[in-house]
Amino acid sequence: MHQDLQLFSDLCDFLFEEEKNNPVAQPLPTNELFHKLDLSLNKDGVIDSDLKASLKSIIEFTPKTASRSFFNQLFGGRLGKAALGDLLSVMLNNSMYTYKVAGPQVGVEKEIIKQICQLSGYPENSGGTMAPGGSMTNFMALLMARDSKFPSIRTQGITQKVTLYTSDASHYSTAKNAALSGIGRQNVRLINTNHKGEMDVEHLEQTIKEDLNNGYEPFFVNATAGTTVLGAFDDVLAISQVCKTYNLWLHVDGAYCGSVIFSDNYKHLVNGIEHTDSFSVNAHKMLGTPLSCSIIITKNKAHLHNSFSNDAEYLYQTEGDDFNLGKTSLQCGRRNDALKLWTLWKSVGTNGLREIVEHQFELAQFARDYIKSNPDYSLHSFEDSISVCFNYKDIPASALCTLLYEDAKLMVGFGKFNDKEFVRMVTINTVLRKEDIINFFKTIETYVAKNMLKNIAS
Ligand SMILES: *Cc1c(COP(=O)(O)O)cnc(C)c1O
């Protein structure tokens, strides 16, 4: 193992050099992938030096998500302590289902859940768990909501005409999860959004009323803290009042920006969060831990047991349910996703997490100021969002982003809202500083001046 750790360390050094010198890896067209790289698996193994060479070439062409040119997704960067915690969980290799096999790691996860419940204003008997990503924590919320309103579904399957509500700017996982849970995509009501991409609460209530009149049984509303494209925040407080009136489960999908609970300056964006039934947040997005680290909390931990516990004598042989986390999780064997967040949190404190969150808003404001002060740009996103959406010189955003990627200049994506397409740059990457934001815009401007205008015109 010591030899392998040395090899690992050498490969990391190579990766760090690549991130610095080639921050955007040259993309390999898929039809060249298996020719250019030796990805073959063969009958005989290879010696370490050959293995190292193979891994180095794979690293060379792998997109660099921790580089200062990565603005593409809702994650990015690398925080040393979080990576350390994750590496340690690989070495320890526990499974989180029982106290017997995970020991103190159970406590590590429970402490995280407890703190997030407190930050969200949840009561004493709240609880939570972790799952492989925000789509899955949203799925868990939907299942808890379904089972709490219609307990018979767990045994008899679905017979009712049930409906759920989410905005037309929300993440696609809600529709997918409706299909997975047997509720059906057709029973998802997409609620209109206002010009800022926030759920129209009047339309929500009106749609619920119509469904009730038509004999449906509404049960679930998904609100979003940080919509995937614009980074908008639905009005949780107003939505919670509607949910109370009609007795509906309210979940807040905070996969992208739920981490605002760590900041006194920004937690007003999820005002009313204490009135929700469940809330999910991805630490691998704003908090910058490695993928994946997704947390769901629910106001009454009994809901977790009701939906996810199953007796299994061969598994649960010691301790009470509270410490056998398998009784409240979606999976059986479960990776330790807690230790990376715990290690980071322990190291920087809650104040450090607050700084990580606020820095992203400051960078986004800096980027918006840059855009507003330059008439070649038009801005399409709003204050209090870490998605900065814009167009440059009316160049089609999809073409611009693809060219920048193919020429290995920048990794940035595009999005659409109300039929307008734009570049979406995200300031979530934890290694970014103000100079990287300036460099981002300068790279686009230089690139366009050099090549683009010609290309687009032709
Ligand atoms: C990213 C995201 C998700 C999905 O999270 P994964 O961890 O990628 O599964 C869900 N909702 C929103 C709003 C997101 O931004």
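Counting restarts for each chain, with residues numbered from 1 along the sequence as it is written. Per-residue local features of the predicted model are confined to residues with pLDDT of at least 70, and side-chain atom pairs are confined, for both listing and counting, to 80 or more; whole-chain, interface and lining totals are unaffected and use all residues. Side-chain measures were taken over the full set of non-hydrogen atoms in the model, leaving aside hydrogen atoms and water.

K.L.:
Give a detailed account of the overall build of the chain, specifying residues and quantitative values.
P.N.:
Only DSSP runs of H or I reaching four residues or more are called helices, and only runs of E reaching two or more are called strands; each is numbered from the N terminus. Helix and strand content of the chain: 15 helices and twelve strands. With C-alpha atoms as the basis for the radius of gyration, the globule rule is written as 2.2 Å multiplied by the number of residues raised to the power 0.38. Against the globule reference of 23 Å for 458 residues, the chain gives a C-alpha radius of gyration of 23 Å, in line with a compact fold. Referenced to the eigenvectors of the C-alpha coordinate spread, the extents of the chain come out at roughly 60 × 55 × 45 Å. Each residue's exposure class comes from its accessible area (1.4 Å probe, protein chains only) as a fraction of the maximum for that residue type: buried when under 20%, exposed when over 50%, partly exposed otherwise. Taking all 458 residues of the chain together, 51% fall into the buried category.

K.L.:
An account of helix α13 (residues 338–372) is needed here, citing residue identities and associated values.
P.N.:
In this scheme, a helix's expected span is set at 1.5 Å multiplied by one less than its residue total. If you check α13, its first and last C-alpha atoms are just 40 Å apart, much less than what 35 residues at 1.5 Å a residue would give, namely 51 Å. At any given residue, the bend is defined as the angle formed between two axes, one fitted to the seven residues that end at that position and one fitted to the seven that begin there. At Gly 349, α13 shows its maximal kink, close to 100°.

K.L.:
Give a description of the domain arrangement of the chain that names residues and reports values.
P.N.:
As far as domains go, the chain holds domain 1 (2–62), domain 2 (84–343) and domain 3 (349–457). Those domain boundaries reflect an automatic or database domain assignment. One C-alpha centre belongs to domain 2, the other to domain 3; they are set 30 Å apart. Only heavy atoms enter the contact rule, under which two residues are in contact if any of them lie within 4.5 Å. Facing 25 residues of domain 2, the contacting portion of domain 3 comprises 24 residues. When domain 2 packs against domain 3, close to 2,100 Å² is buried across both sides, 66% of that on carbon and sulfur atoms. Whenever Lys or Arg places a side-chain nitrogen within 4 Å of a carboxyl oxygen from Asp or Glu, that contact is recorded as a salt bridge. Inspection of the domain 2/domain 3 interface yields one salt bridge. Of the charged contacts in the structure, one is a salt bridge between Asp 264 and Arg 354, with a shortest N-O distance of 3.3 Å. The term polar contact refers here to a pair of N or O atoms within 3.5 Å; inside protein, the definition further demands a hydrogen-donor-capable atom paired with an acceptor-capable atom, and it admits residues adjacent in sequence only when both atoms are side-chain atoms. For the interface between domain 2 and domain 3, the tally reads eight residue pairs in polar contact (both at pLDDT 80 or more). Simply put, the buried area is the total loss of 1.4 Å probe accessible area from both parts when two parts are fitted together.

K.L.:
Just give me the short version of the side chain of Ser 67, but keep the residues and values in it.
P.N.:
Locating Ser 67 in the fold gives a position in the loop between α3 (48–61) and β1 (70–71). Under the relative-accessibility criterion, Ser 67 is labelled buried at 1%. Looking at Ser 67, its side chain comes within polar contact range of the main-chain oxygen of Pro 23, at 2.9 Å. Apart from the residues within four sequence positions on either side, Ser 67 is in contact with Glu 19, Pro 23, Asn 429 and Val 431.

K.L.:
Can you tell me about unusual backbone geometry, naming the residues and giving the values?
P.N.:
For the bond running from Leu 291 to Ser 292, omega is -20°, close enough to zero to count as cis. Counting through the fold element by element, Ser 292 comes out in the loop between β7 (278–282) and β8 (294–298). Here the phi dihedral of Ala 408 falls at roughly 55°; this positive angle occurs in a residue that is not glycine. Mapping Ala 408 onto the fold places it in the loop between α14 (397–406) and β11 (411–417). We classify Ala 408 as partly exposed; its relative accessible area is 21%.

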